[in-house]
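# Structure assessment
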Amino acid sequence: MMLRNANLLLNKYVPNSITPVKTIHLSFHVWRNDNGTGNFWQNTQAYRDTLRMVVGFLNWIYTENVAFSDPISNAVFITDTKVRFELDTVYYYNNTTYSDYWIGQGGILTNYVSTNFPERIHSFPYHLTLHNVTNPFGQSSGFTSLVQNIITWNQNTQAYANNDGGMFFMLALHMAHEFGHNFNLGHPYDSEEIEISNPEFLWDLFGAETQEWCNNGPYFVCYQDAGWSCNPFDPSNTCTNNIMGGTSSARHFTALQSARVHRCLNVNPIRNYAWGYSTNPLNITESQTWNHGPKMYQDLVIKSGATLTLTCELLMPYQGKVVIERGGKLIIDGGVIKCSSIDKRWKGIEVWGSSNKSQYILDLPYQGQLEIINGGKIENAEVAIFVGKVNAQGINETGYEGGLVSTNGSFISNCKTGVIFNPYHNYNPANPSILRPNLSSFKNSTFETNSSWIVVANVYPVAFVNLTEVEGIYFRGCAFVNSVPDNFVVYRRGKGIVATDAYFYVDQYCPSTYPCTSPVNTTFSNLYYAIDASKTWWDDVLSVEYAVFNSNYRSIYISSILNPIIMNNTFNIPDYDHSIDIILPTNNQPYGLYLNQSTGYAVENNSFNSSTSNKSTKHGVIVNYSGAANNRIYNNTFTALSVGTAAQGQNRGTNTGLVYKCNEFTNCNRDISIAPYSRFYGNVALYQGSLTEPAANLFSLAGTSFSDIYNESWTVY
């Protein structure tokens, strides 16, 4: 794999001045006899402090690189590998059998710990056992093993009996060498790559050509001498002071060896124990495809003119974010971006735009673009997609709105907020006074909160989509779902779409060409509010058609919006939930649709139902203060509800107002409820129909005195 994937070539990983420092967290596992004896490393603070000193020596070796004993022409010298180690804790076990383990048995010990003490495997397991053989001294699991570990034996009291402190440094040197194997470094004396043409060949260790003393030429080099007492500076031998060279002077890392180390910390299993973050970003300046599944330790920035296509998993640090600059593009094609920490959220993706530029300009040089397709996913982000720029202080920097987001078959999972659009008004570039719809759209995509939600105190889902002063964004065949509603009180379950001074469309998705034979409806499930839309100054257009609302406490709330369209939808309304009394002591009933101070609405061909057998305290449609204009609730069905539809406030003029036409009510306690308003302005239009144009509603006829029309207002006809 490494030889065939251009993303894994060593020259891409050579550390430099802006390479993030990566810290590996490790724990020592001290294995003793059944009676707790035998191992030099006793369970006292003094011995644990000594182990921390050993790790300090280990850090010194990886930090203070020394010159190569056998300099190679044109080789780059790096002063620091940019790798650190941190000791988390020391664990002790009394087991005579396990304490005698050595070659090939480190994985057995690790699996034992993982099974019986899984919390102890969050840091790299380093085992110290008693097996009494001094050569070899220890063994690494290697860089490909999924059960990463190192085992070092001969840690008995006799081994340290005459220790003057040098044994502790020798242990650190041994650890540096063994970790090298976990980083895919071989021995230059018996196992490293020696074919000169191989991309993995370390020419800065062996030289770019066959050595003068070697008979393997011209395509191979020869292995070097080794031995603990071998002097790397003696010209009569070929041993070196390389970290993997097996001498007591081993200190040197070549640049390409360090590159292997960092590559492993990006793509190999040992990365699970490594952490770090740098404010210096990785800049993508030319178009490329990533399929190697890297772990990042810094922000990722896609520059103007570059396209990054992601077909693999990308792990981001919890402090990190992905930035798509103006003119840059990210395509998540079946790939996944999520946090590298299983208990934290990362920052998310920023899509930079130019708020004063149109989206209708060829090649979009002024707008960043994000495309998510073929099952692409964003997981566990604070804000999965922010269409704009957040500065270093965490504040939205205006002027960067206008970026494009397009999804088809995507997933946004367990993010505190899914997508945020801030104010941007697209326009015709030939005539800026003519507004045009935003080109962002969401098709056949899933916004979800599920069982993998990261539980953090006082952190709850906010909204899947938040729109402010944008126009014309489509949601076709999408699913907005909280699949674990019982994990949250009702008002903490999150919202689907929140819109302020914005207009948008919810509709079906057609997976085939038109005419569509198998349309996919948009669904909203188990949310606090499915749609919460309001206007403060902008004349909005809102259309919701062919959507299914399942057990949302409040499916659609519309406030002060002209001409909203709510047609051909199904509302399954849940039971009253007493937990909401905490924030809403009154007016806390669940409902399907609430029209507040809105007019010109088209509420037609919808079905309002109870999602359970209990029909008490749930409303289908509530109309509040729609004014004197002519409005109607037309051709809807209402089934098994406490109130099918209710009218509140002024909804009547002199001969105008709200009428109910051709609706069908079944098994509702009250089909139409009309609350009192005033003597001069009643709740609904005075004339609901006539002899020639009857209202044609079909009522429940439940048998109570006021079940069909419960009128607390003035006369209606």
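Provided above is the structure to which this section pertains.
Described in the following lines is the structure provided in the data block. (Residues numbered from 1 in each chain as written. Predicted model: local features only at pLDDT ≥ 70, side-chain atom pairs only at ≥ 80, totals over all residues. Heavy atoms only, no water.)

### Observations regarding the overall build of the protein chain
- The helix and strand inventory of the protein chain stands at six helices and 50 strands.
- Over its C-alpha atoms the protein chain spans a radius of gyration of 34 Å, topping by over 25% the 27 Å that the globule rule assigns to 717 residues.
- When each of the 717 residues of the protein chain is scored for burial, the buried share is 56%.
- Contacts spanning at least 24 positions in sequence make up 72% of the contacts within the protein chain whose residues lie at least 6 apart. (Helix = DSSP H or I, 4+ residues; strand = E, 2+ residues; numbered from the N terminus. Rg over C-alpha atoms; globule rule 2.2 N^0.38 Å. Buried < 20%, exposed > 50% of the residue type's maximum accessible area, 1.4 Å probe, protein only. Contact = heavy atoms within 4.5 Å.)

### A few points about the pattern of salt bridges
- In total, this model carries 16 salt bridges according to the counting rule given.
- In this structure, R263 engages E200 in a salt bridge whose closest nitrogen and oxygen atoms are separated by 2.6 Å. Taken as a pair, R263 in helix α6 (residues 255-267) and E200 in the loop between α4 (166-182) and α5 (203-206) lie far apart in primary sequence, 63 residues in all. Of the two residues, R263 and E200, both sit in the buried class.
- For R271, the salt bridge identified is with E313, shortest N-O distance 3.8 Å. Remark: E313 occurs in strand β11 (residues 313-316) and R271 occurs in the loop between α6 and β6 (274-275); sequence separation between them is 42 residues.
- According to the relative accessible area criterion, R271 is buried, its value standing at 11%.
- With relative accessibility at 29%, the residue E313 sits in the partly exposed group.
- Among the charged side chains, a salt-bridge network with shared partners connects E192, E200, R260 and R263. (Salt bridge = Lys/Arg side-chain N within 4 Å of Asp/Glu carboxyl O.)

### Examining the pairing of strand β2 (residues 83-94)
- Here 11 bridges tie strand β1 (residues 22-32) to β2, and the two strands are oriented parallel to one another. Within the sheet, the bridge partner assigned to T23 lies in β2 and is R84.
- Remark: the β1/helix α1 (residues 45-63)/β2 crossover connection has right-handed handedness. (Pairing = 2+ DSSP bridges. Right-handed = clockwise from strand over helix to strand, strands pointing away.)

### Description of the state of the cysteines
- According to the stated counting rule, one finds three disulfides in the structure shown.
- Residue C214 pairs covalently with C222 via a disulfide, S to S 1.9 Å. Taking the sign of the torsion about the S-S bond as the criterion, the disulfide between C214 and C222, at about 70°, is right-handed. For the pair C214 and C222, a shared accessibility class is recorded, and that class is buried.
- Between C230 and C239 runs a disulfide, and the two sulfur atoms are separated by 2.1 Å. Here the S-S torsion is close to -90°, and the disulfide linking C230 with C239 is therefore left-handed.
- Residue classification places C230 among the buried positions, given a relative accessible area of 15%.
- Taking only the cysteines that form disulfides and numbering them from first to last, the protein chain has the pattern 1-2, 3-4, 5-6.
- There is no disulfide at C339, and the cysteine sulfur nearest it, in C415, is 11 Å away. (Disulfide = S-S within 2.5 Å.)

### A word on the sheet that holds strand β45 (residues 637-639)
- If you walk across this open sheet you meet the 12 strands as β11-β14-β17-β22-β27-β30-β33-β36-β39-β42-β45-β48, and the pairing is parallel. Edge positions in the open sheet fall to β11 and β48 (664-666), since each of these has one partner strand only. Adjacent strand axes in the sheet meet at a mean angle of 10° when their direction is disregarded.
- Pairing of strand β22 (residues 411-413) with strand β27 (residues 446-449) involves three bridges; the strand directions are parallel. Bridge assignment links S413 to a residue of β27, and that residue is E448. (Axes fitted to C-alpha atoms, helices over the stretch in contact; angles between N-to-C directions.)

### Brief notes about the nonpolar core
- Membership of the largest hydrophobic core comes to 81 residues, with the highest contact counts inside it found for I349, I385, L467 and F475.
- Leaving out residues up to four positions away in the same chain, I385 has contacts with I349, V351, L370, I372, I378, V405, I412, G418, V419 and I420.
- Grouped together as the second largest cluster of nonpolar side chains are 54 residues, L26, L58, I151 and L185 included. (Core = buried A, V, L, I, M, F, W, Y, C linked by side-chain atoms within 4.5 Å.)

### Quick notes on the pairing of strand β37 (residues 554-559)
- Of all six residues in β37, five are buried, a share of seventy percent or more.
- As defined by bridge partners, β37 adjoins strand β40 (residues 591-596) across five bridges and the pair is classed as parallel. Looking at the pairing, I556 lines up with L593 of β40.

### Thoughts on unusual backbone geometry
- Look at the link from G217 to P218: it is a cis peptide, with omega at 5°.
- Inspection of the secondary structure assignment puts P218 in the loop between α5 and α6.

### A short note on helix α3 (residues 106-116)
- What α3 keeps buried is the set G106, L109, T110 and V113. Down the axis of α3, the smallest arc covering the buried residues is 100°, so these residues share one side. (Arc of directions from axis to C-beta.)

### Here we look at the packing of α1 against α4
- At a minimum axis separation of 8 Å, α1 and α4 run at an interaxial angle of 55°. The angle between α1 and α4 places the two elements in the oblique class. Where α1 crosses over α4, the two elements pack in a sense that is right-handed. Contacts from T50, M53, V54, F57, L58, W60, I61 and Y62 in α1 reach F168, F169, L171, A172, L173, M175, A176, F179 and G180 in α4.
- Looking at the contact of α1 with α4 residue by residue, the class counts come to 15 nonpolar, two polar and no charged. (Parallel < 35°, antiparallel > 145°, perpendicular 65-115°, else oblique. Left-handed = near helix turned anticlockwise from the far one by under 90°. Nonpolar A, V, L, I, M, F, W, Y, C, P; charged D, E, K, R; others polar.)

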